[in-house]
Amino acid sequence: MTAVSNPLDETDCEAARALRIIESMPGFAWSADVAGQFTYVSPNTLAFLGNARDDLNTSGGEDEFGWRRFVHPDDYDRVAARWRHCLETGDHYDTEHRLRRADGVYRWFRNSGRPSRDGEGRITQWYGTTIDIEDQKQAEAALRDRERELSQLVDMVPSHLWRLTPEGRPIFFNRRMVEFLGMDVTDIDRPGMSRLEALVDTVVHPDDARAMKDALGRSLATGAHFAMRYRLRRADGVYHWMSSRAEPLRDHAGRIVQWYGLCHDIDDQMRAEEGLRDSERMLRQLVETLPALIYCAAPDGKPIYRSQQLREFLGFGLDEKDEAGRPRLASTLDAVIHPDDLAAVQERYGHSLATGEPYALKHRLRRFDGVYRWVETRAASMRNAEGAIVQWTGVCLDIDGEVRARQELQLAQQRLARASQAAGLAELSASIAHEVNQPLAAIVANSHACHRWLSAEPANIERAKLTAERIIRDANSAADVVSRIRALFRQSTEARTVTPFGGVIAETRELLADEVAQRRIRMDIDVAADLPPVMVDRVQIQQVLINLIRNGMEAMDGLATERVLRLRVRRADDTVRTEISDRGPGVDLPEKMFEAFFTTKEHGMGMGLAICRSIVESHDGRLWAERNDPCGATFIFTLPVRAGAAA
Amino acid sequence: MMTGDHIVFIVDDDAPLREALGELLAAHGMRAAAFASAGDYIAADKPDVPACLILDVELPDINGLDLQGQMAESDHPPIIFLTGHGDIPSSVRAIKHGAADFLTKPCNDADLMAAITAAINHDRETRSQRAELDALRQRYRTLTPREREVLPLVVSGLLNKQAAAELGISEVTLQIHRRNVMQKMAAASLADLVRIAGQLEVPVTHSRRPGGSGA
């Protein structure tokens, strides 16, 4: 058959027009005879295949129809079989297969053919079209790929994914979920209850089922986002903690189309968290129940944590004392530290913050009711791997009872010491008075007697002489008494040893440490390192030091300003020179002070300085006082370096 | 002013002072006896004449104040304390317990002599009172038991018949006892007898009944 003719008549004109239409349509057109031989092939087909029409019908051998070489080898058998079948039965011919283009590239086509029959129903001719569907095929393949990928993704994500109908009927579990539960959506169904109820009943932990049903039911009813943690039973019966969330998918009208859920196994995390919570709870309980007040501070000292006991003690929270423009530390210290202790706390705390050294101080802390209690605060820094301070941890121990008990003990000791000291001086003076008074009384009595004998008529000269002699005798014995008293302080030269003077000072300082603290006095001690040893009676020189230091402290008792007692020891020529300076009211009569019974104090016999001078002079030293500029007094004593050798 | 019948006792452990006080008293024409300790003084045989005791507070064997306390029970001469340092509590205690004076050493001649004179005079007075009382007691001891019953009733101011009724005897018998009491007690009058009874501390057993009159 041929499509080529001369279109001269009307019929020819119709045919030519039909041919033009056919050949200008997209796609290929063809016709074939009942044997399947092409009777027409549109020119664009031949152009695509790059071959002559007659070649298409060149059959023979394995090429049953003559177009084997143009069809993709993978498609050929199927296509040929179909074509054979259609030719035999007259069934519609519809296939999709790849055709090789002239350049060797295969493209997908859809091939459709229909038989044309005569009046008796016999097939006379097949007419068909072949349409390029390569692009469509590629799109389909891409879609399939994406679907597969998505499906893989859904199955591979390490989470459970599920889908519910808007009514809450589970309709999809991803593979992991199926594996976890050991059943698929359809396995859940149980008679007499909804699939969701059956699901919850079967796999959700009984303790969580009620809450889970409620929460999910609420979400389904309101469309609100669902999120909760519950335990889900694994196929082997072990419950795992899950974090489950679900969101509704809505259509353009806002109606819920589906619920998508994600369920994440958080069992390990929960157990870790639980362990962490347990240890945290234990630590917190430890911190909160320790009989101590505990706090943490930032590296700059800013308080960042206080234990409950500390909060209750102080009666306010971390930030309640914050003031604009002031560091929290400063405002907190102002609020809680006793004013008398504030300076020391600031200094020591500042020092620790600056250097990282541990902090330890006893001070008074203001309780919520305004009562100051003695506490011992200790703080240490916590450092990171690089050695930088990341935090300060502190503990405050309430030592009020102990401190007060000790203070009372100290007071008692002090009172006792004073009493015994006063008793000592009183006894001494009484004994001196007695010793001197006896001869004096005798002298006075004898003098009166003598006077009387001489005044008698006649004068009794003999008796008068006798009494006068007794007067001389008694006066001498009075002088002896005075010498003996002076000798009291000279006698103990045997107790003298070569002594490092620094040690004597250190011991004295130790003896007076409590009293110094009690009186809130700062001792400014400056002892030269190169002091030569001195030959002294250690106890006596300590008595002198104690007496002079106590004297200085007492002089500053009423002082509102800082009480500083300076002790300075230097070598001066052949002596060791000790200076004790106070900031008290000073001395008006520097020399008179050393007389016995001279006193500016309310109490005391005024013997102290006189005895001190006796002791120092018995050591061949000197003791005197000077006025300080602008205020206070300095007591200075010297001890010869070779005191012992010279004696 | 001073008669010879008196003595000044001195107790002081300091020999020169003891000696000097003795000398001073001698210069004043007074008799003195000195002891070195309280024990010596107590043990000594002392003349029964008006006296005073110059006592050092600080004695080696006993504190002078304690000695004063020990002697408080018995008759003893007035005490003049001498002390090296007179503290107020000691002096108050001494005076409260009847010390005649409390002087500090060394003491003024005039003060000491005035104290001694006053103490001896006081002792003389005490002694004469004590002697009179001794005589009254002697007389009281001569009363019969019945007369000792009559005495308090009479000095209480009871009428004879009341006193007789009290004792269950006749008025006449009572009058006889009463006369004997007056004679034995050497009472010049009822008033005198009342005074004597007072000195002897005879208890007044009955107050006079209302409406009654003294005998």
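Structure: see above.
Student: What am I meant to see in the sheet that holds strand β3 (residues 51-56) of chain B here?
Tutor: Strand pairing in a sheet relies on backbone hydrogen bonds, with the paired strands running either antiparallel or parallel. Residue and element names in this part refer to chain B. One open sheet holds the 5 strands; their spatial order is β2-β1-β3-β4-β5, and the pairing between them is parallel. Taken across any chain shown, the strands that pair with only one partner, and hence form the sheet edges, are β2 (32-35) and β5 (101-104). Going across the sheet, the axis of each strand differs from the next one's by a mean of 20°, ignoring polarity. Sheet analysis places strand β1 (residues 7-11) next to β2, joined by 4 bridges and oriented parallel. Residue valine 11 lies in a different strand from β2, and its bridge partner there is phenylalanine 35. Against the sheet, helix α4 (residues 88-96) contacts β4 (79-83) and β5, and its axis sits at roughly 150° relative to β5. Packing against the sheet, helix α5 (residues 109-140) makes contact with β1, β3, β4 and β5, and its axis sits at approximately 135° to β3.

Student: Help me understand helix α5 (residues 134-156) of chain A, please; the structure alone is not making it clear to me.
Tutor: Over its 23 residues, α5(A) runs 32 Å from end to end, which matches the ideal 33 Å to within 8%, given 1.5 Å per residue. When we look at burial in α5(A), the residues that qualify are Glu134(A), Lys137(A) and Asp155(A).

Student: I would appreciate a short explanation of the environment of Asp530(A) in the present structure.
Tutor: By secondary structure assignment, the location of Asp530(A) is in the loop between β17 (522-527) and β18 (534-536). As for Asp530(A) and Arg571(A), which are separated by 41 residues in sequence, their C-alpha atoms are 8.1 Å apart.

Student: Mind showing me how you'd approach the layout of surface pockets here?
Tutor: Empty space among the atoms becomes visible once a probe the size of a water molecule is rolled across them. All names here are of chain A. Of the volumes computed, that of the second largest pocket is approximately 1100 Å³. Broken down by secondary-structure element, the contributors of at least two residues to the lining of the second largest pocket are α13 (339-355), β13 (359-366), α14 (400-455), α16 (501-518) and β17. Residues belonging to the lining of the second largest pocket are distributed by class as follows: 10 nonpolar, 5 polar and 13 charged. Domain assignment of the residues forming the lining of the second largest pocket places at least three in each of domain 3 (290-398) and domain 5 (494-646).

Student: Could you clarify how one ought to interpret the nonpolar core in this entry?
Tutor: In a soluble, globular protein the nonpolar side chains are often hidden away together inside. Counting 37 residues, the largest nonpolar core has Phe501(A), Ile541(A), Leu548(A), Leu565(A) and Phe637(A) as the members making the most contacts within it. Secondary structure elements with two or more residues in this core: α16, β18, α17 (538-555), β19 (564-572), β20 (575-581), α18 (608-618), β21 (622-627) and β22 (633-640) of chain A. For this core, the element with the most residues is α17(A), which contributes 7 residues. If we skip the residues at most four places from it in the chain, Leu548(A) touches Ile580(A), Leu609(A), Leu623(A), Phe635(A) and Phe637(A). Membership of the second largest hydrophobic core comes to 30 residues, among which are Ile471(A), Ile10(B), Cys107(B) and Ala119(B).

Student: Explain the side chain of Thr508(A) here, please?
Tutor: All names here are of chain A. By the element assignment, threonine 508 lies in helix α16. At a separation of 2.7 Å, a polar atom in the side chain of threonine 508 contacts the main-chain carbonyl oxygen of valine 504. Those residues in contact with threonine 508 that sit more than four places away from it in its chain are Gln542, Leu545, Ile546 and Ile549.

Student: Hey, could you run me through the interface of chain A and chain B in this one?
Tutor: One frequently used descriptor of interface size is the decrease in accessible area upon assembly of the parts. Facing 20 residues of chain A, the contacting portion of chain B comprises 20 residues. Across the interface of chain A and chain B, roughly 1700 Å² is buried in total on both sides, 59% from carbon and sulfur atoms. At the surface where chain A touches chain B, the tally comes to 4 salt bridges. For the interface between chain A and chain B, the tally reads 8 residue pairs in polar contact (both at pLDDT 80 or more). Every element with two or more residues in the side of chain A that touches chain B is listed here: α14 and α15 (461-488) of chain A. Counting residues per element, the side of chain A that touches chain B draws most heavily on α14(A), which supplies 14 residues. Residue composition of the side of chain A that touches chain B, grouped by class: 9 nonpolar, 6 polar and 5 charged.

Student: Please explain the packing of aromatic side chains as it appears in this structure.
Tutor: The way to describe two aromatic rings as a pair is by their centre distance and the angle between their planes. Residue and element names in this part refer to chain A. Counted under the stated rule, the structure contains 14 aromatic pairs over all chains. Note on tyrosine 349 and tyrosine 359: the rings are 4.8 Å apart at their centroids and 80° apart in plane angle, and the pair reads as edge-to-face. Residue tyrosine 349 is located in helix α13, and its partner tyrosine 359 is located in strand β13; the two are separated by 10 residues in the primary sequence. Classification of tyrosine 349 as buried rests on a relative accessible area of 6%. Since its relative accessible area comes to 4%, tyrosine 359 is described here as buried. Taken together through their ring pairs, the aromatic side chains of Trp30, Phe38, Trp83, Tyr93 and Trp126 make up a single cluster. Geometry around tryptophan 624 places arginine 622 over its ring, the cationic atom sitting 4.2 Å from the centre.

Student: Looking at this structure, how should I read the pattern of salt bridges?
Tutor: Pairs may arise between side chains of opposite charge once their charged atoms sit close together. By the definition in use, this model includes 54 salt bridges over all chains. The closest approach of N and O atoms between Glu376(A) and Arg378(A), which form a salt bridge, is 2.9 Å. Where Glu132(B) meets Arg195(B), a salt bridge forms, and the shortest distance between an N and an O atom there is 3.7 Å. Of this pair, Glu132(B) sits in helix α5 while Arg195(B) sits in helix α9 (residues 190-199); the two residues are 63 residues apart in sequence, bridging distant segments of the chain. Since its relative accessible area comes to 36%, Glu132(B) is described here as partly exposed. A cluster of three or more residues bridged by salt bridges with shared partners is formed by Arg463(A), Arg470(A), Arg473(A), Asp474(A), Glu19(B) and Glu23(B).

Student: Can you walk me through the sheet that holds β19(A) in this structure?
Tutor: Residue and element names in this part refer to chain A. Strand order across the open sheet formed by 5 strands is β17-β19-β20-β22-β21, with mixed pairing between neighbours. Every interior strand has two partners, whereas the edge strands, β17 and β21, have only one. Strand after strand, the sheet turns through a mean of 15° between neighbouring axes, direction not considered. As defined by bridge partners, β17 adjoins β19 across 6 bridges and the pair is classed as parallel. Looking at the pairing, arginine 522 lines up with valine 564 of β19. Strand contacts of α16: β17, β19, β20 and β22, with the helix running at about 175° to β17, the strand carrying the most contacts. Against the sheet, α17 makes contact with β17, β19, β20, β21 and β22, and its axis sits at roughly 170° relative to β22, the strand it touches most.

Here is what the cut-offs are and how they apply
- Residues numbered from 1 in each chain as written.
- Chains lettered and ligands numbered in written order.
- Predicted model: local features only at pLDDT ≥ 70, side-chain atom pairs only at ≥ 80, totals over all residues.
- Heavy atoms only, no water.
- Pairing = 2+ DSSP bridges.
- Helix = DSSP H or I, 4+ residues; strand = E, 2+ residues; numbered from the N terminus.
- Axes fitted to C-alpha atoms, helices over the stretch in contact; angles between N-to-C directions.
- Contact = heavy atoms within 4.5 Å.
- Expected span 1.5 Å × (residues − 1).
- Buried < 20%, exposed > 50% of the residue type's maximum accessible area, 1.4 Å probe, protein only.
- 1 Å grid on protein atoms, 1.4 Å probe; cavity = no way out; pocket = protein on both sides within 12 Å on 5 of 7 lines; lining within 4 Å.
- Points joined across faces, edges and corners; volume = space filled by probe spheres on them.
- Nonpolar A, V, L, I, M, F, W, Y, C, P; charged D, E, K, R; others polar.
- Domains from an automatic or database assignment.
- Core = buried A, V, L, I, M, F, W, Y, C linked by side-chain atoms within 4.5 Å.
- Polar contact = N/O pair within 3.5 Å; in protein donor to acceptor, adjacent residues only side chain to side chain.
- Buried area = accessible area lost by both parts, 1.4 Å probe.
- Salt bridge = Lys/Arg side-chain N within 4 Å of Asp/Glu carboxyl O.
- Phe/Tyr/Trp six-rings, centres within 6.5 Å; stacked < 30°, edge-to-face > 60°.
- Lys NZ or Arg CZ within 6 Å of the ring centre and 35° of its normal.

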